[in-house]
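# Observations on the model geometry
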Amino acid sequence: MSTRLHPVYLASVELSKPLKPHLWRNSFSYKYSIFSPGGLMPRLAAVGTMITRFVEGVDEKPKCRWIEIGSDVTREQKEAIGRLSPKLSKRCLAVLKQIICYSPERWSLEVMLASWAKIMKPRRTDWLVVLKKLKELDHPLYFQVAELALLEESFEPHIRDYTKIIHGYGKGSRLQDAENMLSVMNSRGFACDQVSLTAMIDMYSKAGHLRRAEETFDKIKLLANTI
């Protein structure tokens, strides 16, 4: 049984200030539910139509770009999309298909995720589902999406979210990335705890950096003494 791929559109919106609901109530996206698979394509006269008008009667118009996928996806992308469960919510399916078919030549991943968060209003559970599916697919953008998710208020980042990324970098022997994430975690007000430091020790030990592992272990002992 073949899987029918519906085109999915997503808006890339760059705003100088937040767009209020009453400003886009009559916009194209509101009328046609752009994030629903197949919701927009049947109403377009041709594949690949680009729509730039987003809000009418507003002095400061946001810059918009509509990205169509489905007509030029690769075989690997089709297979990855086919592995997505139809039981997933429409908001999760929409962004997962965009990530799977993402091309840096078209637009920024950061802008795409921010637009999805602004328009679709995902909850933390939605973010976790997206990350889980990307990890199951072993998608190369998993870590990038995970790091960008930490910047979104709707994700409600927790220290364990940072630890998961650090642990993942450690498993992939990406020492510098793990150290950078630990620094970012600290700069954002999440203090190192035993779990995060243990992940670093495990990484250093497997990479043969025994001195760094010992230094990190000393930090855990200092934490224990302060409790």
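Just so we're clear, the structure is a prediction, and the values are computed from it rather than from any experiment. (Residues numbered from 1 in each chain as written. Predicted model: local features only at pLDDT ≥ 70, side-chain atom pairs only at ≥ 80, totals over all residues. Heavy atoms only, no water.)

### Focus: the nonpolar core
I99, L109, L113, V130 and V145 are the most contacted members of the largest nonpolar core, which totals 52 residues. A domain-level breakdown of this core finds at least three residues from each of domain 1 (44-55 + 71-156) and domain 2 (158-226). Setting aside anything within four residues of it in sequence, one finds I99 in contact with M112, L113, V130, L134, H139, L141 and V145. (Core = buried A, V, L, I, M, F, W, Y, C linked by side-chain atoms within 4.5 Å. Buried < 20%, exposed > 50% of the residue type's maximum accessible area, 1.4 Å probe, protein only. Domains from an automatic or database assignment. Contact = heavy atoms within 4.5 Å.)

### What about the pattern of salt bridges?
Taken as a whole, this structure holds 10 salt bridges when the rule is applied. We note a salt bridge from R91 to D126, for which the minimum N-O separation is 3.4 Å. With R91 in helix α3 (residues 90-100) and D126 in helix α5 (residues 124-136), this pair connects stretches of sequence that are 35 residues apart. Across the pair D177 and R174 runs a salt bridge whose closest N-O atoms are separated by 2.8 Å. For D177, a relative accessible area of 28% translates into the label partly exposed. (Salt bridge = Lys/Arg side-chain N within 4 Å of Asp/Glu carboxyl O. Helix = DSSP H or I, 4+ residues; strand = E, 2+ residues; numbered from the N terminus.)

### Thoughts on helix α4 (residues 109-120)
Here α4 is 12 residues long and its end C-alpha atoms lie 16 Å apart, about the 16 Å a rise of 1.5 Å per residue gives. Taken as a whole, α4 has its buried residues at L109, V111, M112, L113, S115, W116, A117 and M120. The distance from a side-chain oxygen at the start of α4 to the backbone nitrogen of E110 is 3.2 Å, and the residue carrying that oxygen is S108. A positive backbone phi angle near 50° is found at K121, which sits one or two residues after α4. (Expected span 1.5 Å × (residues − 1). Polar contact = N/O pair within 3.5 Å; in protein donor to acceptor, adjacent residues only side chain to side chain.)

### Thoughts on the packing of α4 against α5
Contact pair α4 / α5: the axes reach a minimum separation of 12 Å and the direction vectors enclose 145°. Seen from above, α4 lies across α5 with right-handed handedness. Contact residues: L113, W116 and A117 in α4; D126, W127 and V130 in α5. The residue makeup of the contact of α4 with α5, split by class, is 5 nonpolar, no polar and 1 charged. (Axes fitted to C-alpha atoms, helices over the stretch in contact; angles between N-to-C directions. Left-handed = near helix turned anticlockwise from the far one by under 90°. Nonpolar A, V, L, I, M, F, W, Y, C, P; charged D, E, K, R; others polar.)

### Side note on the environment of D193
Tracing the backbone shows D193 in the loop between α8 (175-187) and α9 (194-207). D193 sits 34 residues away from I159 along the chain, and the two C-alpha atoms are 9.0 Å apart. Polar side-chain contacts of D193 include one of 2.9 Å to the side chain of S196.

### Notes on the side chain of H139
With respect to the helices and strands, H139 occurs in the loop between α5 and α6 (142-149). Using a relative accessible area of 14% as the deciding quantity, one classes H139 as buried. From its side chain, H139 meets the backbone nitrogen of L141 in a polar contact 3.0 Å long. Beyond its immediate chain neighbours, meaning those up to four positions away, H139 contacts I99, I100 and L134.

### Comments concerning the environment of E136
With respect to the element layout, E136 can be found in helix α5. Along the backbone, E136 and R83 are 53 residues apart, and their C-alpha atoms lie at a distance of 9.8 Å.

### Some details on the environment of M120
Its location among the elements puts M120 in helix α4. Separated by 25 residues in sequence, M120 and V95 have C-alpha atoms that sit 9.8 Å apart.

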